[in-house]
Amino acid sequence: MADPSSYRPKPGQIPDSPGVYKFRDEHRRVIYVGKAKSLRQRLANYFQDLASLHPRTRTMVTTAASVEWTVVSTEVEALQLEYSWIKEFDPRFNVKYRDDKSYPYLAVTLNEEFPRVQVMRGAKKKGVRYFGPYGHAWAIRETVDLMLRVFPVRTCSAGVFKNAARTGRPCLLGYIGKCSAPCVGRVSPEEHRELAVDFCDFMAGRTGTYIRRLEKDMMAAAEEMEYERAARLRDDVEALKRAMEKSAVVLADATDADLIAVAEDELEAAVQIFHVRGGRVRGQRGWVTDKVENVDTSGLVEHALQQLYGEETGDSVPKEVLVPALPEHPDAVSQWLAGRRGSQVSLRIPQRGDKKDLMATVQRNAQQALGLHKTKRASDLTTRSRALEEIAEALGLDTAPLRIECFDISHLQGDDVVASMVVFEDGLARKSEYRRFQIKGFEGQDDVRSMHEVIGRRFKRYLQEKERTGEWEETPAPSGPVPAPHTASTAPADPATGMDTTPDPMGTTPDPMGTTPDPMGTTPDPMDITPDPMGTTPDPMDITPDPVATTSDPMGTTPDPDAEPREDDGRPKRFAYPPQLVVVDGGQPQVAAAKRALDELGIDDIAVCGLAKRLEEVWLPEDDDPVVLPRSSEGLYLLQRVRDEAHRFAITYQRAKRAKRIRSSPLDAVAGLGETRKQALIKHFGSVKKLKQATIDEICEVPGIGRRTAESVALALASAAPATPAVNTATGEIIEEDDGGSTT
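All values reported here derive from a predicted model rather than from experimental measurement.

Parameters at a glance
- Residues numbered from 1 in each chain as written.
- Predicted model: local features only at pLDDT ≥ 70, side-chain atom pairs only at ≥ 80, totals over all residues.
- Heavy atoms only, no water.
- Patch = residues over 30% accessible without salt bridge, like charges linked within 9 Å, V, L, I, M, F, W, Y side chains within 5 Å.
- Areas by Shrake-Rupley, 256 points an atom, 1.4 Å probe, with all protein chains shown as cover.
- Salt bridge = Lys/Arg side-chain N within 4 Å of Asp/Glu carboxyl O.
- Lys, Arg positive; Asp, Glu negative; His and termini not counted.
- Charge placed at Lys NZ, Arg CZ, Asp CG, Glu CD.
- Helix = DSSP H or I, 4+ residues; strand = E, 2+ residues; numbered from the N terminus.
- Phe/Tyr/Trp six-rings, centres within 6.5 Å; stacked < 30°, edge-to-face > 60°.
- Buried < 20%, exposed > 50% of the residue type's maximum accessible area, 1.4 Å probe, protein only.
- Contact = heavy atoms within 4.5 Å.
- Pairing = 2+ DSSP bridges.
- Axes fitted to C-alpha atoms, helices over the stretch in contact; angles between N-to-C directions.
- 1 Å grid on protein atoms, 1.4 Å probe; cavity = no way out; pocket = protein on both sides within 12 Å on 5 of 7 lines; lining within 4 Å.
- Points joined across faces, edges and corners; volume = space filled by probe spheres on them.

Enquirer: Can you help me understand a negative patch on the surface in this one?
Expert: The grouping of Glu113, Glu190, Glu191 and Glu194 at the surface amounts to a negative patch. In this structure, Glu113 sits in the loop between strand 5 (105-108) and strand 6 (117-120).

Enquirer: So what exactly am I meant to see when it comes to the packing of aromatic side chains here?
Expert: What describes a pair of aromatic rings is the distance from one ring centre to the other and the angle between the planes of the rings. Taken as a whole and assessed by the stated rule, the structure comprises 12 aromatic pairs. Relative to Tyr32, the ring of Tyr21 lies with its centre 6.3 Å away and its plane at 40°, an arrangement referred to as tilted. With Tyr21 in strand 1 (residues 19-25) and Tyr32 in strand 2 (residues 30-36), this residue pair connects regions lying 11 residues apart in the sequence. The buried category is assigned to Tyr21, whose relative accessible area is 0%.

Enquirer: I keep staring at the environment of Arg677 and nothing clicks. Help me out?
Expert: Its location among the elements puts Arg677 in helix 16 (residues 675-685). Between the C-alpha atom of Arg677 and that of Ile705, which follows or precedes it by 28 residues, the distance is 7.6 Å. In contact with Arg677, other than residues within four places in its own chain, are Gly672, Gly704, Ile705 and Thr709.

Enquirer: Help me understand the sheet that holds strand 7 (residues 129-131) in this model?
Expert: Backbone hydrogen bonds are what pair the strands of a sheet, in a parallel or an antiparallel way. Pairing is antiparallel in the open sheet, where 3 strands are placed in the order 6-5-7. The outermost strands of the open sheet, each flanked by one partner alone, are strand 6 and strand 7. Each strand axis lies, on average, 30° off the axis of its neighbour in the sheet, ignoring direction. As defined by bridge partners, strand 5 adjoins strand 7 across 3 bridges and the pair is classed as antiparallel. Residue pairing in the sheet places Leu106 in a bridge with Phe131 of strand 7.

Enquirer: Would you take a moment to explain empty space enclosed by the protein for this structure?
Expert: One way to see where empty space is left: roll a probe the size of a water molecule over the atoms. Tallied over the entire structure, the rule returns 1 cavity of 30 Å³ or more. In this model, the largest cavity occupies a volume close to 60 Å³. Lining the largest cavity are Lys35, Ala36, Lys37, Glu75, Ala78, Leu79, His329, Ala332 and Val333. Among the secondary structure elements, those contributing two or more residues to the lining of the largest cavity are strand 2, helix 3 (75-89) and helix 11 (330-341). Considering each element in turn, the lining of the largest cavity owes the most residues, 3 residues, to helix 3.

Enquirer: Please clarify how the pattern of salt bridges should be interpreted in this entry.
Expert: Note that side chains of opposite charge can pair when their charged atoms are close. Scanning the model with the defined rule gives 26 salt bridges in all. In this structure, the salt-bridge partner of Glu645 is Arg648, at a minimum N-O distance of 2.9 Å. On the criterion of helical spacing, the pair formed by Glu645 and Arg648 is a turn pair, its members being 3 residues apart in helix 15 (residues 634-663). Relative accessible area serves as the criterion here: at 13%, Glu645 is assigned to the buried category. Residues joined in a network through salt bridges with shared partners are Arg403, Glu405, Glu425, Arg430, Glu433 and Arg458.

So, in structure tokens, the structure goes:
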């Protein structure tokens, strides 16, 4: 525990001006970000007598080892920089709201030639008009289905739209009058865009104009005895009214506002937001957070405003924001919101009337959300705690394994061998810590050797992080020859493979006891620390984007003059935290390989076990008999979930890697040859086989292909290895490609 006086800035060093400050721990990781109207006065509050500080503040300042600050010109700039730093560094002592789910929006793609109405989630795109969020996607579809009678806007995907345009026949919605069928030219692009704009206006709350216009047209049609047209207009009016009834009128003055309510106790806080547009509730969302810093209601409101509007612009920020308590500096926050919207924004507490009554409703929703969260968390926490205690007792651990890492190997008959690492903290998956590996030390099928390599590589990176941050302490060398685990290899590389030709002490040497496949039938799948050419795009289901993107501080940070400069930028590191338990998917051979990798690195404070699929037995190093947990054990259930998650993550990566390899073509090796010209070549010649037989002059006849490109194509095809013939799995016959490019 650090003494705050050891890093307290000297008198007169802290400026008396607005700014943002960062506390860092002894490893230079940013643990807290805050802003102040006067940096001198605010930072002085942290260096009081520890007994007078709030317990959470006391924990933060004793964890910290240095403080830095950045001076800005206005409080609005301080608010913007604080939000940016919190997103960049993810400080552990800052309040961070997390959505309890991904809310769907009703989106109109006005950035397309023919705008489309659809359900969208995730990041917002430029040129798309959003309405919501909604509690459920089916609520959006019900509303859209009613409104398509009056505003028959396109809802089909790009593929369906192009296919209809090619065939000249619209989809079913075009036949039943719920689409204006711009794909076949029934309406012009301008007319269709006008429909989309009217749809947006209606969803934005300007409903009275359209209903009055339809009612007027209905009466006129009836007077002219066009009863069928009048009946259709009547049905359109009823459809719009039903769509409006799905969102009740809560504010009679057709206000556009967001209402934010907070329910809190000593440990947690829940936030609920009602989005009111045109006087009607158009959406609702909520967050729950742990109060890791000493913050009151006004502070929670300010954090919620940053979370809610930090990425929003234009009409997504309403004219009026109603809150239960004003932030510490309401004028600065109002200016920040006005900058996001582009016009004035009113930030205030409702005092009377409908708005105060609606705020009470939002407050009740926040109280219920907090109560439900605490009930659910208490149940989950009890179960998870019992599971961790059972694992600790069964494996003979001193403490419960709060961080568990599980490794799995996956391949298909020895090809595309990969591995995965999944992380569970406090019994819950921590997907931002998941990692993937490629097996580099050898080729072929050897699960035991693969496991040895992956464990060694993961913990070698951990030791390198410790050495870089100064946590590594050299210990006297043992009597035997032991490799230095945290020293980078300088061995020459094999010119043919690009790999280190010196045996890697972590597992590139064969495992004398594990040259045969796992008898349990496990095929784990590790992932690669080094990006794979096909795997540089993270799996959107599994990997949270790494927040360690390097950005420079445009405002210029003023560091603590007493702190020593270091290369660390304060962002979370990938392999900085060791687990208390390593789980491998497999039996005795895999466990022995993992243990041996740790021993070679000199790591003896991390427990290792393996979970074999066949009988769900838990294997420990150097034990001839497995540990058998009861089938009803919460500990066994947690180990199974960890193992299954590692297997899922590994096999997903392996399948993606295999799919890309199968789809590869010799033309991929031609520099500067894009997808369009590849397709042009294949279309011109009919197949890669015929293209390979063509001369350079014949290749030059393809539009867009010059002589230099043609020579590169011919050279790539001539040097390409012959493709593996396809086999008919039913008859065993080899399927050969004929001269016409078809298969027989």
